[in-house]
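# Structural features, examined
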Amino acid sequence: MAEYSTNELMAVTAARRLQNGMIVAVGLGLPQIASFLAKATHAPDLTMFYEVGVVNPQPIDSGVGIADPRLWYGNDSFTGLMGTLGEILQKGVCDIGFLGSLQLDRYANLNSSLVKDANGVKHLTGSGGAADIATFSKHVFVIMRHEKRKFVEHVDWVTSVGCYKGKKSREEAGLPRTEGVTVFTNLCVMETGAESGELEVVSLHPGVTIEQLKENTGFDVIIRDNLPVTPEPTEDELRVLREQNPAGV
Amino acid sequence: MNKIRELSDIVREIPDRGAEIGLGGFIINRCCMAFAAELIRQGKKEIELTSVSGNMESDLLVGAGCVKSYAYGGGSLDHFGRLSRVNEAIEQGRYNIKEFSNLSMALRMTAGTMGVPFIPTKTLLGTDMLEKLLADKEDSVYIGESPFDGERYVFLKKLQPEYVCIHAQAADELGNVLIEGPVWDLETAKAGKKLIVTADRLVSNQYVKNNQDKVTIPGVYTYAVAIVPYGAFPAAVYKEYDYDAEALTHYAKVNQKQETFDEYLNEYILGTKDHNELLEKWGGLARMNALRADPAYGYVKGGGGHQ
């Protein structure tokens, strides 16, 4: 078996869940890398877009963020924030909103705004389009490091709503229905339960123990029975990933 | 009517206290840097500032103490860093900073462009941004039911700032605006009661008549145009010039503390009489030439702003 990094495992695992023909709202970093990997392997007809107003880019150089023209190269069309967030997303045609997050709670609500500690509040970036993407995508993918201070009972700030307070609370609060949230970490894959809206571990990465997972999760996470091991990346996937890796992670 | 004027002349007519101003930049692209700097030079205070997303232009204005309130959808300097002046104001509860999301701010501007009093949406529902706005009795958000489907919506109040500024690649003397690349700022531009455009290049109206498909904002919206080459520096302008990675890295460092920010302000903004002098301070034409974009790619291929 080929050697691979944790980031590569995360990217490959997420990429495999992206199906051909899907429409995906992507952010910079691993979400973008996973999306390009899917497009270059099993999902050539994947359509990606950035909220800034860029649809179906094919970048050949790495950039610093979605406002960097390097990442717009080779696209099919330009629009604006209303064209992406206000129309593609709000109309409900976006299959996957692919996000990173600072914190996540058991109902997969995301915090990308601020952290609270003994010294008070530290504000970081705020929503940007993240709240809008999580509200209107049919399904949300989150990719982030698995640490106790990141997977918490209550996030310090709900920037983007996942399954809100579980069960039917999302619809009751007036939000569009969600198919759920899938989370890719360096330890495992989690999905929100169809009825409960609570995160459940659905596969453990090679070599990771349940003990290790519990130690790094700040809430009592549900672990499915007969937990499979996440399949390792193939040599082919790793080759494609290393060849293109447009965001240079 | 010829709408071309000097930037300093346009800014001079903006009230010294309490002006409503909307800005159109996005993160590190087409930011209204020359305009923001001129507001600071002319000592504008208590600005009621709005923008869809935040970037260096708003961080400068907040850091320079020009702002009374600021409504925005979050923001950063991408991988270069954070809007530390805005963030510190939030952390310390100063300047009445109101956080929305990008779409909710774009929708407020859209209601402004259409002249309708509000626009319904489901975004913000369930978020702490909405919780906080409601707790602060912010009058631009209201939760109500749609008369058509009976569902719960956030009604967002229209936004029509007295002045808005966007930076574009080119404009003609009648105020027709030519933008290449994504157009995240159209709603902001059209929502303003008086649209000020800073543009890198002047084109003639005859050029516009031969290239109507390049016009993204018809001149009917435009109040005044200032031709300011490299007016978005150190941000990028697609197909014109790249962002200046060194200058952005420098800013993302000095903005972390008010003292170092103030030094930056004194040197580059208060210490220069206009944008040209500011560009000179950074190395003038030689530096700008190194940032010229390859039009085939829209950025400096194989160098320049590349990290």
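Everything below is about the structure shown above.
Just so we're clear, the structure is a prediction, and the values are computed from it rather than from any experiment. (Residues numbered from 1 in each chain as written. Chains lettered and ligands numbered in written order. Predicted model: local features only at pLDDT ≥ 70, side-chain atom pairs only at ≥ 80, totals over all residues. Heavy atoms only, no water.)

### As for the interface of chain B and chain A
The extent of an interface is frequently quoted as the accessible surface area lost upon association of the parts. Inclusion rule: The contact definition used throughout considers only heavy atoms, calling two residues in contact when any of these lie within 4.5 Å. In this description, buried area is defined as the sum, over both parts, of the accessible area (probe of 1.4 Å) that is lost when the two are combined. In the sections that follow, a salt bridge refers to a side-chain nitrogen of Lys or Arg positioned within 4 Å of a carboxyl oxygen of Asp or Glu. Where helices and strands are cited, they refer to DSSP runs of H or I of at least four residues and of E of at least two residues respectively, numbered from the N terminus. Polar here means any residue outside two lists: the nonpolar Ala, Val, Leu, Ile, Met, Phe, Trp, Tyr, Cys and Pro, and the charged Asp, Glu, Lys and Arg; Gly therefore counts as polar.
The interface of chain B with chain A comprises 54 residues on the first partner and 49 residues on the second. Buried surface at the junction of chain B and chain A, both sides included, amounts to about 4,100 Å², of which 61% is carbon and sulfur. Linking chain B with chain A are 2 salt bridges. With a closest N to O distance of 2.7 Å, Arg70 of chain A and Asp242 of chain B form a salt bridge. Elements with a minimum of two residues in the side of chain B that touches chain A: helix 4 (84-91), helix 5 (102-114) and helix 6 (128-135) of chain B. The element that contributes the greatest number of residues to the side of chain B that touches chain A is helix 5 of chain B, accounting for 6 residues. Its residues placed into classes, the side of chain B that touches chain A shows 22 nonpolar, 21 polar and 11 charged.

### Regarding the environment of Leu77 of chain B
Residue and element names in this part refer to chain B. What counts here: Exposed residues in this analysis have more than 50% of their type's maximum accessible area, buried residues have under 20%, and partly exposed residues fall in between, with area computed by a 1.4 Å probe over protein chains only.
Examined against the element boundaries, Leu77 turns out to sit in the loop between strand 3 (67-72) and helix 4. Accessibility expressed as a relative area gives 0% for Leu77, which makes it buried. Taking the C-alpha atoms as reference points, Leu77 and Ile28, 49 residues apart in sequence, are found 6.2 Å from one another. For Leu77, the residues in contact, after removing those within four places along its chain, are Ile27, Ile28, Asn55, Met56, Arg82, Leu83, Tyr251, Ala252 and Asn255.

### As for the pairing of strand 1 (residues 23-26) of chain A
Residues and elements named next belong to chain A. Convention followed: Strand pairing is assigned whenever DSSP detects at least two bridges linking the two strands. For the handedness criterion, the strands are oriented away from the viewer, and a crossover whose path from the first strand over the helix to the second runs clockwise is classed as right-handed.
Across 3 bridges, strand 1 lies against strand 2 (residues 47-50) in parallel orientation. What sits directly across from Ala25, in strand 2, is Phe49. Between the parallel elements strand 1 and strand 2, the chain passes through helix 2 (residues 30-40) in a crossover that is right-handed. Direction of pairing for strand 1 relative to strand 5 (residues 96-99): parallel, over a ladder of 3 bridges. Residue pairing across strands places Ala25 opposite Gly97, the latter belonging to strand 5.

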